[in-house]
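Close look at the chain arrangement
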Amino acid sequence: MEESGEEAEQLRWFCGVPIATNVLILKDLAWTLAILAGGAVAFVLLVQLLVGRAVGGAQFRVAATLACYVVGFIAAAFAITAIPLFGNHYVVLYRFFPDSVYCESMRGRFFSFRNAFHMRAFPVEPMTRPGRSTTKAVPWERVFRFEADARRRVIVLGGAKGTLMRVYCPDGETYERALGCVRERTTGARPAAAGRRTT
């Protein structure tokens, strides 16, 4: 866990983030599955053309079948990983510094039915020994725009090439404090239109 800049830390919180019931993650999954399905169809048809065969209804059916298998396999793997293995949530630690925003994603301690059906981020107990985790730090100077979703309590930080980080908040008070900090630290950033996907 990152320790530098401890005295300058402005905000800090833990929250649980749903996976299979998270609309934003499901949108990402849908885009990924669409791309994979289209790629599978294009691959089969390209192979048919390269071997000198005409592309007809039979080839399209084979391509569509392969695409369905690919989509089904990825969707099943996602569901198995998200629900039985992760209990449909993971835990994130956010830390706001004057020069950057930091997040550390980690697996929850145990499976809990209470935490398996959330649609939005929710409060969790701080984790002092998270085990394996993934960390990310984004300097404020790289944030060119942000999208605030009050209904889901999510702030999406965007850069020159797309989304840099999603900031999930467990309650309204944390959301308002985080949003105020984002606005303060990204004075020149352009707020995205409400409800628009940040890319």
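Quick caveat: nothing in here was measured; it's all calculated off a predicted structure. (Residues numbered from 1 in each chain as written. Predicted model: local features only at pLDDT ≥ 70, side-chain atom pairs only at ≥ 80, totals over all residues. Heavy atoms only, no water.)

1. Considering the overall build of the chain
Scanning the chain from terminus to terminus reveals three helices and eight strands. Listed N to C, the secondary structure of the chain is β-α-α-β-β-β-β-β-β-α-β in terms of helices and strands. The buried share of the chain, taken over its 199 residues, is 40%. A sequence separation of at least 24 residues applies to 69% of the contacts in the chain between residues at least 6 apart. For the chain, the accessible surface area stands at approximately 11600 Å², while carbon and sulfur atoms represent 60% of it. (Helix = DSSP H or I, 4+ residues; strand = E, 2+ residues; numbered from the N terminus. Buried < 20%, exposed > 50% of the residue type's maximum accessible area, 1.4 Å probe, protein only. Contact = heavy atoms within 4.5 Å. Areas by Shrake-Rupley, 256 points an atom, 1.4 Å probe, with all protein chains shown as cover.)

2. Overview of the confidence of the model for the chain
Averaged over all residues, the pLDDT of the chain equals 85, while 87% of them reach at least 70. For the chain, per-element mean pLDDT is lowest for strand E8 (residues 190-191), which scores 58, and highest for strand E7 (residues 162-168), which scores 96. Low pLDDT, under 50, characterises residues 194-199; the predicted model gives this stretch 16 contacts beyond four residues in sequence or across chains. (pLDDT = per-residue confidence, 0-100.)

3. Considerations on the nonpolar core
The biggest cluster of nonpolar side chains holds 33 residues, and the ones touching the most others in it are Trp13, Tyr94, Phe96, Leu157, Val167 and Tyr168. Those elements giving two or more residues to this core turn out to be strand E1 (11-18), helix H1 (23-50), strand E2 (89-96), strand E3 (100-107), strand E6 (154-159), E7 and helix H3 (172-185). If one sorts the elements of this core by residue count, H3 sits on top with five residues. In this view, Val167 contacts Trp13, Tyr94, Phe96, Arg153, Val154, Ile155 and Leu157; residues no more than four positions away in its chain are not counted. In terms of nonpolar packing, the next biggest core, distinct from the first, is built from five residues, Phe14, Leu93, Met106 and Met127 among them. (Core = buried A, V, L, I, M, F, W, Y, C linked by side-chain atoms within 4.5 Å.)

4. Looking at the sheet that holds E2
Ordered by their spatial adjacency, four strands build an open sheet running E1-E2-E3-E4, and the pairing between neighbours is antiparallel. Looking at the sheet topology across the chains shown, the edges are occupied by E1 and strand E4 (133-139). Taken over all neighbouring pairs, the strand axes of this sheet differ in orientation by 20 degrees on average, direction set aside. Of the pairings in the sheet, the one linking E2 to E3 comprises seven bridges and is antiparallel in character. Within E3, the position partnered with Val92 by the bridge is Ser105. The sheet contacts of H3 involve E1 and E2, and relative to E1 the element is tilted by about 120 degrees. (Pairing = 2+ DSSP bridges. Axes fitted to C-alpha atoms, helices over the stretch in contact; angles between N-to-C directions.)

5. What to know about the packing of aromatic side chains
Taken as a whole and assessed by the stated rule, the structure comprises three aromatic pairs. Look at Trp13 and Phe96: their rings are 5.4 Å apart centre to centre, the planes differ by 50 degrees, and that puts the pair in the tilted class. In this pair, Trp13 sits in strand E1 while Phe96 sits in strand E2, placing the two residues 83 residues apart along the sequence. Pair check on accessibility: Trp13 and Phe96 agree, each one buried. (Phe/Tyr/Trp six-rings, centres within 6.5 Å; stacked < 30°, edge-to-face > 60°.)

6. Examining the pattern of salt bridges
Applying the stated criterion across every chain, the model contains two salt bridges. Put simply, Arg166 and Asp28 hold a salt bridge, and the shortest N to O gap is 3.0 Å. A residue pair is termed long-range when its members are at least 10 positions apart, and Arg166 in strand E7 and Asp28 in helix H1 qualify at 138 residues. Relative accessible area serves as the criterion here: at 21%, Arg166 is assigned to the partly exposed category. Across the salt bridge formed by Asp149 and Arg152, the nearest N and O atoms sit 2.9 Å from each other. With a relative accessible area of 18%, Arg152 lands in the buried category. (Salt bridge = Lys/Arg side-chain N within 4 Å of Asp/Glu carboxyl O.)

7. Quick word on the pairing of E1
A large share of E1 lies buried, amounting to seven of its eight residues. In this structure, E1 lies alongside E2, joined through eight bridges in antiparallel fashion. Its bridge partner lying in E2, Gly16 is registered against Val91.

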